[in-house]
Amino acid sequence: LSSNHVVHQVSATSIKMDYLPAAFARTDPIISNTCLSDHVHTFYGPQVIRPETDYEALVNSPDELNTGNVVENKSLYWHPTVYEYNKDTNSYTRDVMAQSSAYYVWLNTD
């Protein structure tokens, strides 16, 4: 390499975790732990899905209830459920989400 080139070194580590859908529910534990949400969410991870779900319920959930490929990760992930609109019938149908992935990246520092 000539002195005009700068070499950049990546100093990070990453991991990808895949999940199958665990449930579809009108709940959003961040917004309210006492009532239903105004829309449906798709959930991934431990199948402990109720408005009152808390940290203790997640970390104590049995491994066999986790829909992820890393059972030690007891995180619960969710997003608004995606629907397909049919203009001919004026109806909505829940779209199929085969899986979802969570990515974590952290810097390797001294």
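Note that the coordinates shown come from a computational prediction; the quantities given were computed from them, not determined experimentally. (Residues numbered from 1 in each chain as written. Predicted model: local features only at pLDDT ≥ 70, side-chain atom pairs only at ≥ 80, totals over all residues. Heavy atoms only, no water.)

(A) Structural detail: the side chain of D18. Inspection of the secondary structure assignment puts D18 in strand β1 (residues 12–19). Note on D18: relative accessible area 19%, which makes it buried. Discounting chain neighbours no more than four positions away, the residues touching D18 are T67, G68, N69, Q99, S100 and S101. (Helix = DSSP H or I, 4+ residues; strand = E, 2+ residues; numbered from the N terminus. Buried < 20%, exposed > 50% of the residue type's maximum accessible area, 1.4 Å probe, protein only. Contact = heavy atoms within 4.5 Å.)

(B) Quick peek at the sheet that holds strand β3 (residues 41–44). Strand order in this open sheet of three strands is β2-β3-β4, and the pairing throughout is antiparallel. The open sheet is flanked by β2 (21–25) and β4 (77–80), the only strands paired with a single partner. Across the sheet, the mean angle from the axis of one strand to that of its neighbour is 25°, orientation sign disregarded. Bridge count between β3 and β4: four bridges; the pairing is antiparallel. Bridge pairing in β4 links T42 to H79. (Pairing = 2+ DSSP bridges. Axes fitted to C-alpha atoms, helices over the stretch in contact; angles between N-to-C directions.)

(C) Molecular detail of a nonpolar patch on the surface. A contiguous nonpolar surface patch, about 280 Å² in accessible area, is contributed by I15, Y104 and W106. On the secondary structure map, Y104 appears in strand β7 (residues 100–107). Overall, the relative accessible area of 33% leaves Y104 in the partly exposed class. (Patch = residues over 30% accessible without salt bridge, like charges linked within 9 Å, V, L, I, M, F, W, Y side chains within 5 Å. Areas by Shrake-Rupley, 256 points an atom, 1.4 Å probe, with all protein chains shown as cover. Salt bridge = Lys/Arg side-chain N within 4 Å of Asp/Glu carboxyl O.)

(D) Spotlight on the nonpolar core. A23, A25, F43, V48, I49, L58 and L76 form the largest nonpolar core, which has seven residues in total. Ignoring any residue separated from it by four or fewer positions in sequence, one finds I49 in contact with A22, A23, A25, T27, F43 and L76. (Core = buried A, V, L, I, M, F, W, Y, C linked by side-chain atoms within 4.5 Å.)

(E) The packing of aromatic side chains, seen in detail. Applying the stated criterion across every chain, the model contains three aromatic pairs. For the ring pair Y19 and Y77, a centre distance of 5.2 Å and an interplane angle of 50° mean the geometry is tilted. Separated by 58 residues along the polypeptide, Y19 in strand β1 and Y77 in strand β4 bring together distant segments of the chain. Where Y85 meets Y92, the ring centres are 4.8 Å apart and the plane angle is 45°; that geometry is what we call tilted. Take Y92: its relative accessible area is 58%, and that puts it in the exposed class. (Phe/Tyr/Trp six-rings, centres within 6.5 Å; stacked < 30°, edge-to-face > 60°.)

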